[in-house]
Amino acid sequence: LNEYDGAFVKDNKVNEWLTQIYGLALEAKDTIDTFKTEKHTQNQRTRVARLLYAWPHGTKLRKIALKVDMIKKKIEEIDGYRKKYCVDGQVVAKRKRNSEWLEKQRREVEEENVVGFGVAVEQVTNKLLTKALKRDVVSIVGTTGSGKTTLAKRIYGSISNQFQHHAWVFVPSKYKMKDLLLVILSELMPIEEETSKLDDVKLGEKLRNFLQGKRYLIVMDGVEETQLWETLEKNKVFPNEKHGSRLLLTTRSKNVASLASSSSSRILNIQPLDDEARWELLEKLVFKDEKCPQELVKLGKQIATKCAGLPLAIVSLSSLLARNKTYGNWLQIICKVTWYLNPQDSQPSFGILDLTYDTTIPEQLKKCLLYLGVFPSGFEIHARQIINLWVAEGLIEDTMRSKAEEIGRRYLEELNSLSLIEITRKRSDGGVRTFQIHEIWRMFCVFKSESIGFLQVHTEFGSHPFISGPWSWRLSIHYDLRYILSNRDYLPHLCSLLCFHNEASLDSNRLTLQCKHFSRLKVLDLGSTRVSKVHGSRKSLSLLKYLKLNSPYLSSLPRTLFSLPNLLTLDIKNTGVILPCLPSGIWKMQNLRHLLLPPHTTLPKCPDHQKRLWHLQTLSTITPNENTAALIFGSKFPSLIKLTLNSQDMEQTKRCLECLYKLHCLQKLKIINPTKFPTARTSFPASLVKVSLVKTDLVADDVMRMLECLDHLQVLKLLKKSIRGPKLEMTPNSFPQLRFLFMEEILVKTWRMGDGAMGSLEELTITRCHELESLPKQLWQLHNIRQVKVNSPSQCLRRELEQPSVQRCEVQIHF
C-alpha cells in the first residue's frame, strides 16, 4: 500500500485493486480484534468458569481460525493482480523515496510574499479609511482558495492601529452566536467568568455598550449566511454611529456582501491571479529571494497557468517544485498536473491537494493529517486532545528516545510549517494550544479518508454523496448520536466513534449508552452529547484505549470503566460525575497515561505496595486526602509530568507538596484553593517548568523563596488572589529561566527586583492587580522582554506606564 500510495498516477484498475486491499486490511483488523476480545474474556474468568466455557470458547476460536484462512486466500488472489501493475517487482510510476524527497519542507507564506494583491489591498484600504463618519461595511468576495483571508489579514495588520478598538473573528460554517460574540469581546477587553455565562442576547448588549461612542474596526472572516448578518443588524450589536467605524467581511456569498455593504462600490470581488501574478507568486515560493534559472522559466510559467489562478493551488504545488529544481523533474510534473487539476468525481483544486499529499507530506504525517477530518468545519481543535487520539489510534508510538506525546507535538509543528493548519491559541510557553485545519484541506481529508476507508464522516445530510469506497470502522458524527445507535449493523464493527453533535438536532430526551454493542471499540469521544447513563462491562470495553465524556448530565459511571486494562486516556473532567474516591480498580490500569477527573475526586489506597501506574503522565484534578501524600512518597506515579491539586484542606495539600521531590519527571504543577508551602526549599522537584497558583492565598515571600531556586522554571502564573503581602521581592539572579509571568488579582502593593532577576523574561501580563502601584525599574532593562500587557491597572501604575521612558518594548494597556 505504501508503495502504491505515492504513485503519481493511479488508473481506475489500480484504484479498484487498492480499494480491495484496504477493505481486506480492515477485515483482518476486525478478526484480530475479535480474537483479542475473546482471549481477554476467557482470561478474566475463574478456573471453574474457564472449564465451563471451554467448549463455547473453543467454538469461537475455531470460527476465527476459519476466518483467518479465508482472509489468507483473499490475500493470495489479490496478490495475483500485482503482476499486472508491476515491472520486475517494482511499482509502476513509483515516486521518489529518498530522504531529500521526504524531508520537512517549511513553507511559511508570509503576507508580504503573497503577490497579485497590491491593487486589491489599496482598493480595500481606501474604502476602509475614507473620511466618511458614518459606519461602513466593506466586503471581500471570492471562491475557496482565492486568498480572501490572506488579503484581509494583510489589510488588518496595516490599518488596525488607526482605530481605537479592533478585533478579528473567524466564522465557522456551523457557528454559535454566543461563541462569535465571546471571541470579539475577548479581543476588546478581559473576559470575566460571569461574562462567559451570559446568553447571546446579553453578550450582544455588552458588546454594543462597549463599542458605543468609539471608533472601531471589526473583521469577520468567513460569513457565509445572510441570517448571521441579519441577526447582528437586528440586535444592533455594532453601533451605527458617526465615529468612522468600519466592518470588513470575507465571504463566498455575493448575497451576504450585497446585504451587508451599502453599495456595490463597497464590495471587492477577488479575481483569479493573472498570468504574471501567478508566475511571480510561484517564483517567490520556490526560489525565495533568488531568480528562477532561465531554462526553467518557460516550464514554470506553464505550470503556474495550470493552477487556475488560485493562490492555494500555487502554494500547494510550489513545495513539490522546490524539492527538485531540475528541468527533467519539472517536465515530469507538468505532464501530471493537468490530470491532477481535472480528476473525475472530485472537487475543483482537490487534485493539486492530492498531488501535495502524495509527494510532499512525510509518510508519518499523512494519516495524522487525514485524522483531522473527524472535526467539523471551523472546529477549534485542542492539541492535547488530538495528540491523545493519535496515540490511541496507533498513529504515533513511543520510541527509544521520545514519548509518543512528544512526537505528536512535533507533528503539529510540522503540519503548521507545511501551512496545513492555523494556530489559533498558543500555550503560555509558546507551544500549540488550539488550532484549526484550513477548510479546503479539511474537505480534502474527508474525501480522501472516506475513499480509502480510513474514516467516515456523517452529518445531518448523511455521508458524503461522492464516496463509494469501503465503509470505515472509524466514524465521526456531526449530528445526533441516535443517528448511529439506531443502526445495529454498524455497532459491533466500530473501532472509533467520535460525536460532535448539532444541538439543533437534539430533543429533550437524554441518552443511555449501552456499551455492550461496541465490542471492538478502541476510541469513544462523545463530546458534550447528552448522555445521562453509561452501561458497560469489562468484556464489551476491553479494547478501549480512549474515552472522553463531557456531558454535565452524566452523574454516574460503571465501576468497570476504572479497571479497563488497555485504556490510555480517561477524560471525564467536565461531567457531572461525583467521585469521592476512585474505585481501587484504577491500579489495574497499567497502560493509563492521562487521567482527567471532575473536581473533588480523591485517590484510593493501593492494595499492593508493588503496584505502580508506570505510564501515567497527567493527573488532573485530584483532591488530596489522608493517603495521597503517601502515594506520592511511595513513587506510585514515576512518569507523572502534569499534576493538578484542588482542595480546601490546606494541611493535606501541604503534605502532598512536601513529597513532590519524589516526582522526578514532574514539569507542570497547578494548585487551586488555599494552601501552605513547605518550609524545605527542596520539596519541589528541579524538573518543574511551569507552576500555576490559583486562589492559594499564599504569602508572597514564601512563594518567592520556594520558586526562585527552580532553575528550569519557564512559566509562572499567579492568579486570582494566589499571593498576598505588602511586597513582592525577587532576589538578585533569581528565576534565571523564567520566560512568561502572569499576575492576576494578586494582593500586592510593591514589587521589587534584584539585579539579574528574570534575565530571560519575554512576556509579562498583569490583570486587575488594583493594589500594585508600580513596576520595578529593572524590568525595562531586561534584554529579552518584548511585550508587557496591563489590563485594568491602578491609577498610579497607569500614570507610570504612560511615561515615555518605559516604551522600550511593546506595552498594551486596557482599561
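Residues numbered from 1 in each chain as written. Predicted model: local features only at pLDDT ≥ 70, side-chain atom pairs only at ≥ 80, totals over all residues. Heavy atoms only, no water.

- The name recorded for the chain in an unreviewed UniProt entry is NB-ARC domain-containing protein, from Gossypium laxum.

**Observations regarding the overall build of the chain**
Then, in step 1: In terms of regular secondary structure, the chain is built from 27 helices and 32 strands.
Then, in step 2: A burial count over the chain gives 53% of its 815 residues as buried.
Then, in step 3: The long-range share in the chain, meaning contacts at least 24 apart out of those at least 6 apart in sequence, stands at 59%.
Then, in step 4: In the structure as shown, the chain presents an accessible area of about 37500 Å², 50% of it carried by carbon and sulfur atoms. (Helix = DSSP H or I, 4+ residues; strand = E, 2+ residues; numbered from the N terminus. Buried < 20%, exposed > 50% of the residue type's maximum accessible area, 1.4 Å probe, protein only. Contact = heavy atoms within 4.5 Å. Areas by Shrake-Rupley, 256 points an atom, 1.4 Å probe, with all protein chains shown as cover.)

**Comments concerning the packing of helix H9 (residues 177-188) against helix H11 (residues 200-211)**
Then, in step 1: Between H9 and H11, whose axes approach to 9 Å, the crossing angle comes to 30°. Relative to H11, the element H9 lies roughly parallel. Crossing hand, H9 versus H11: left-handed. Contacts from Met-177, Lys-178, Leu-181, Leu-182, Ile-184, Leu-185 and Leu-188 in H9 reach Asp-200, Leu-203, Gly-204, Lys-206, Leu-207, Phe-210 and Leu-211 in H11.
Then, in step 2: Residue composition of the contact of H9 with H11, by class: 10 nonpolar, one polar and three charged. (Axes fitted to C-alpha atoms, helices over the stretch in contact; angles between N-to-C directions. Parallel < 35°, antiparallel > 145°, perpendicular 65-115°, else oblique. Left-handed = near helix turned anticlockwise from the far one by under 90°. Nonpolar A, V, L, I, M, F, W, Y, C, P; charged D, E, K, R; others polar.)

**Some details on helix H7 (residues 118-128)**
Then, in step 1: Listed in full, the buried residues belonging to H7 are Ala-120, Val-121, Val-124, Thr-125, Lys-127 and Leu-128. Mapping the buried residues of H7 onto a view down its axis gives an arc of 160°, with all of them on the same face. Exposed side chains of H7 directed beyond 90 degrees from the buried face belong to Val-119 and Glu-122.
Then, in step 2: Residues of H7 that are buried make contact with strand S3 (136-141), helix H8 (148-159), strand S6 (246-251) and strand S7 (267-269). (Arc of directions from axis to C-beta.)

**Quick notes on unusual backbone geometry**
Then, in step 1: Omega for the peptide link from Ser-620 to Thr-621 comes to 0°, which places this bond in the cis form.
Then, in step 2: Turning to its location among the elements, Thr-621 is positioned in strand S21 (residues 618-622).
Then, in step 3: Here Phe-735, not a glycine, exhibits a phi torsion of approximately 50°, which is positive.
Then, in step 4: By the secondary structure assignment, Phe-735 is in the loop between strand S27 (723-730) and strand S28 (740-744).

**Focus: the environment of Ile-632**
Then, in step 1: Locating Ile-632 in the fold gives a position in helix H24 (residues 628-633).
Then, in step 2: Separated by 31 residues in sequence, Ile-632 and Leu-663 have C-alpha atoms that sit 7.3 Å apart.
Then, in step 3: Those residues in contact with Ile-632 that lie beyond four places of it in its chain are Phe-637, Cys-656, Cys-659, Lys-662 and Leu-663.

**A look at the sheet that holds strand S10 (residues 432-437)**
Then, in step 1: Taken in spatial order, the three strands of this open sheet run S8-S10-S9, and their pairing is antiparallel. Each end of this open sheet is capped by a strand with a single partner; those strands are strand S8 (381-382) and strand S9 (421-426).
Then, in step 2: Pairing between S8 and S10: two bridges, direction antiparallel. Within S10, the position partnered with Ile-381 by the bridge is Phe-435. (Pairing = 2+ DSSP bridges.)

**Focus on the sheet that holds strand S29 (residues 747-753)**
Then, in step 1: If you trace the three strands from one edge of the open sheet to the other, you get S25-S27-S29, paired in parallel fashion. Sheet topology places strand S25 (698-699) and S29 at the edges, where each strand pairs with a single neighbour.
Then, in step 2: Inspection of the sheet shows S27 paired to S29 by six bridges, in the parallel sense. Within S29, the position partnered with Glu-729 by the bridge is Arg-752.

**Notes on the pairing of S10**
Then, in step 1: Buried residues dominate S10, accounting for five of its six residues.
Then, in step 2: Bridge count for S9 against S10 is five bridges, and the pairing is antiparallel. Each bridged residue has a counterpart across the sheet, and for Lys-426 the counterpart in S10 is Val-432.
Then, in step 3: Linking S9 to S10, which pair antiparallel, is a turn of five residues; within it Gly-430 sits at a positive phi near 95°.

**Section: the packing of H9 against helix H12 (residues 226-234)**
Then, in step 1: Packing of H9 against H12 brings their axes to within 12 Å, and their N-to-C directions diverge by 65°. With respect to the hand of their crossing, H9 and H12 are arranged in right-handed fashion. Mapping the contact onto sequence places Met-177, Leu-180 and Leu-181 in H9 and Leu-228, Thr-231 and Leu-232 in H12.
Then, in step 2: For the contact of H9 with H12, the residue count by class is five nonpolar, one polar and no charged.

**Some remarks on the pattern of salt bridges**
Then, in step 1: In the structure shown here, the tally under the stated rule is 26 salt bridges.
Then, in step 2: Lys-67 is the partner of Glu-27 in a salt bridge, and the nearest nitrogen-oxygen pair spans 4.0 Å. Of this pair, Glu-27 sits in helix H2 (residues 12-44) while Lys-67 sits in helix H4 (residues 54-80), and the two are 40 residues apart along the sequence.
Then, in step 3: Owing to a relative accessible area of 28%, Lys-67 belongs among the partly exposed residues under this scheme. (Salt bridge = Lys/Arg side-chain N within 4 Å of Asp/Glu carboxyl O.)

**Comments concerning a nonpolar patch on the surface**
Then, in step 1: On the surface, Val-48, Leu-52 and Tyr-53 cluster together into a nonpolar patch covering about 340 Å² of accessible area.
Then, in step 2: Tracing the chain through its elements places Leu-52 in helix H3 (residues 47-52). (Patch = residues over 30% accessible without salt bridge, like charges linked within 9 Å, V, L, I, M, F, W, Y side chains within 5 Å.)

**Points about the side chain of Lys-654**
Then, in step 1: Structurally, the position occupied by Lys-654 is in helix H25 (residues 650-658).
Then, in step 2: In this structure, Lys-654 is buried with no salt-bridge partner, the nearest side chain bearing the opposite charge being Glu-658 at 4.3 Å.
Then, in step 3: With residues near it in sequence (within four places) discarded, Lys-654 still touches Thr-675, Lys-676, Phe-677 and Pro-678. (Lys, Arg positive; Asp, Glu negative; His and termini not counted.)

**Observations concerning the confidence of the model for the chain**
Then, in step 1: Considering every residue of the chain, the mean pLDDT works out to 83; 86% of them sit at 70 or more.
Then, in step 2: Counting interchain partners and residues more than four positions distant, the pLDDT-below-50 stretch residues 87-113 has 65 contacts.
Then, in step 3: Within the model, the stretch residues 464-469 combines pLDDT values under 50 with 10 contacts to residues more than four positions away or in other chains. (pLDDT = per-residue confidence, 0-100.)

**A word on the side chain of His-594**
Then, in step 1: Tracing the sequence through the fold places His-594 in strand S20 (residues 594-596).
Then, in step 2: The class of His-594 is buried, set by a relative accessible area of 6%.
Then, in step 3: In this view, His-594 contacts Asn-388, Glu-405, Leu-568, Thr-569, Leu-570, Leu-616, Gln-617 and Thr-618; residues no more than four positions away in its chain are not counted.

**Quick look at helix H20 (residues 383-393)**
The α-helix winds at 3.6 residues per turn, so residues separated by three or four positions along the chain end up facing the same way.
Then, in step 1: Among the 11 residues in H20, 10 count as buried, and that is most of the element.
Then, in step 2: The first or second residue beyond H20 is Gly-394, which carries a positive phi of 80°.

**Notes on the packing of aromatic side chains**
Then, in step 1: Applying the stated criterion to the full structure yields nine aromatic pairs.
Then, in step 2: Between Phe-287 and Trp-330, the ring centres sit 6.1 Å apart and the planes meet at 55°, which makes this aromatic pair tilted. Of this pair, Phe-287 sits in helix H14 (residues 275-287) while Trp-330 sits in helix H17 (residues 327-341), and the two are 43 residues apart along the sequence. This pair shows no difference in class: Phe-287 is buried, exactly as Trp-330 is.
Then, in step 3: Members of the aromatic cluster, each reached through a chain of ring pairs, are Phe-375, Phe-379 and Phe-500. (Phe/Tyr/Trp six-rings, centres within 6.5 Å; stacked < 30°, edge-to-face > 60°.)

**Describing the environment of Ala-277**
Then, in step 1: One can find Ala-277 in helix H14.
Then, in step 2: The exposure class of Ala-277 is buried, given its relative accessible area of 8%.
Then, in step 3: Along the chain, Ala-277 and Pro-311 lie 34 residues apart, while their C-alpha atoms are 9.7 Å from each other.

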